[in-house]
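# A structural walkthrough
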Amino acid sequence: MTTRVNLLSGRLLAPLRWAALLSVLVSVGVFFAGAGPAQAAPACGVLATGAAPQATAAVRSACDQIGTPYSWGGGHGSKPGPTYGLCDSANGAPNDCNVRGLDCSGLVRYAYALAVGEDVINGTTRTQWPTSRAVARYYRADGTAPLLPGDLVYFGNTASTIHHVAMYLGQGWIVEAPYSGGYVQVAPLSSHGDYYGAIRLYGPGSTTTPPTTPTTPTTPPSNGGQYWVDTLANAPVYGSPTSTTSTGTLYQGTNYVFCKAWGREVSNGGGYNHWWLKTDPDVGPGGQWVSAYYLSRWGNDTAKDNNGTTIPDCPGGGTPPATGKYWVDTFANASVYASPTSTGATGTLYQGTNYVFCKAWGREVSNGGGYNHWWLKTDADGGPAGQWVSAFYLSRWGNDTAKDNNGTTIPDC
């Protein structure tokens, strides 16, 4: 039989429990006393000296926006200033198309535009960071000591994953448009744990060497770099130049692209473009495609950057059809005629891939719910050259459509 030994009597145990509890409470009190209360945010303003006049003016302009609602995509209109944003649940902004305000990059864009009277830092966080306007550039390894009021501070683990920007006030404080549902506010720079670096737009330059930590490239290695273009509206992007399923959004503004490829037509009214540009969108995965239709400086079937440089072809990308010939697939042997209105067949175009030259409107050819009034000039397999075949026989397209296999609208004869 085991004998139980009571080491502490009940009378002694109770006081010891209270002593232990008191010790814990004292320790907790000492911990929080040592931590001290959270520092109250200062009034928004220029909190240090040494910045250029344009930068201090930008700080004051940003501070004038305190209390402005955050709106995902807000501030990216054709002119700087608050706009309605985008409803995007995937990015925590399910209602922002109903909120007129600014997002983080829209805020700094607007502040500098008000300060200097020019739209000097258009674009989103990832396109603002590499701007050639920067007179100085700093990185996490440089610390915050070199920073001056008006510097733009960026957050992200790498240059390709930058996701937030704010304006530095001095003394470790920033003004920012923080997140959907929030408002423009003053906050500590340290409240973001992934400070990447900063750029200075005006004042003394002291650009430092970028970090040497390798990052995964998001651009094709052989395309020659980035080409800057202005886009006239928020544009959907796609996984390929022929895809019809959108994978994200490229915001209106100044954006970079890498190269071009020929693809399906995007058109509206008299405007159209078959060129597609490879880019990293603002919403969605990198390396997607946006139609050159959205380029604001150029016309139909043109793909040039803002300097007028023709954007190079992507390796393996589609190219325009050979001059004068457009290749089409026909689903059956088709009768050809001497004109688009003739009813007397002159020969046959065999089923398969054939070339045509141009199109003209003519008599309807139909069967069930399918019909077409376009006629295509071609060289028949049986019969004379320069005859006409109905676009009804095109296997890739629908009613009253006359496009080649790449989606190019066949020109009028």
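Our subject is the structure that appears above.
Reading guide: rules and limits
Residues numbered from 1 in each chain as written. Predicted model: local features only at pLDDT ≥ 70, side-chain atom pairs only at ≥ 80, totals over all residues. Heavy atoms only, no water. Pairing = 2+ DSSP bridges. Helix = DSSP H or I, 4+ residues; strand = E, 2+ residues; numbered from the N terminus. Axes fitted to C-alpha atoms, helices over the stretch in contact; angles between N-to-C directions. Buried < 20%, exposed > 50% of the residue type's maximum accessible area, 1.4 Å probe, protein only. Contact = heavy atoms within 4.5 Å. Disulfide = S-S within 2.5 Å.

### Observations regarding the sheet that holds strand β16 (residues 334–337)
If you walk across this open sheet you meet the six strands as β15-β18-β19-β20-β16-β17, and the pairing is antiparallel. Both edges of this open sheet fall to β15 (326–330) and β17 (345–349), since each of them pairs with a single strand only. When the angles between neighbouring strand axes are averaged without regard to direction, this sheet yields 45 degrees. Note that β15 and strand β18 (residues 352–367) share five bridges and pair antiparallel. By the bridge assignment for β18, Trp-327 is matched with Tyr-355.

### Section: helix α2 (residues 53–63)
Among all positions in α2, only Ala-55, Thr-56, Ala-58, Val-59, Ser-61, Ala-62 and Cys-63 are buried. Lining the buried residues of α2 we find α3 (104–116), β5 (164–170) and β6 (173–176).

### Concerning the state of the cysteines
By definition, a disulfide links two cysteine residues through a covalent bond between their sulfur atoms. Taken as a whole and assessed by the stated rule, the structure comprises four disulfides. In this model, Cys-259 is linked to Cys-314 through a disulfide, with the two sulfur atoms separated by 1.9 Å. Taking the torsion about the sulfur-sulfur bond, which here is approximately 95 degrees, the covalent link between Cys-259 and Cys-314 counts as right-handed. Note that Cys-259 is positioned in strand β12 (residues 253–268) and Cys-314 in the loop between β14 (288–291) and β15, a separation of 55 residues in sequence. In this structure, Cys-259 and Cys-314 share a single accessibility class: buried. Linked covalently through their sulfurs, Cys-358 and Cys-413 form a disulfide whose S-S length is 2.0 Å. What sets the handedness of the Cys-358 and Cys-413 disulfide is the S-S torsion sign, and at about 100 degrees it is right-handed. Residue Cys-358 is found in strand β18, and its partner Cys-413 is found in the segment after β20 (387–390); the two are separated by 55 residues along the sequence. Numbered by order of appearance in the sequence, the disulfide-linked cysteines of the protein pair as 1-2, 3-4, 5-6, 7-8.

In short, the description is geometric, and any link to function would need to be established separately.
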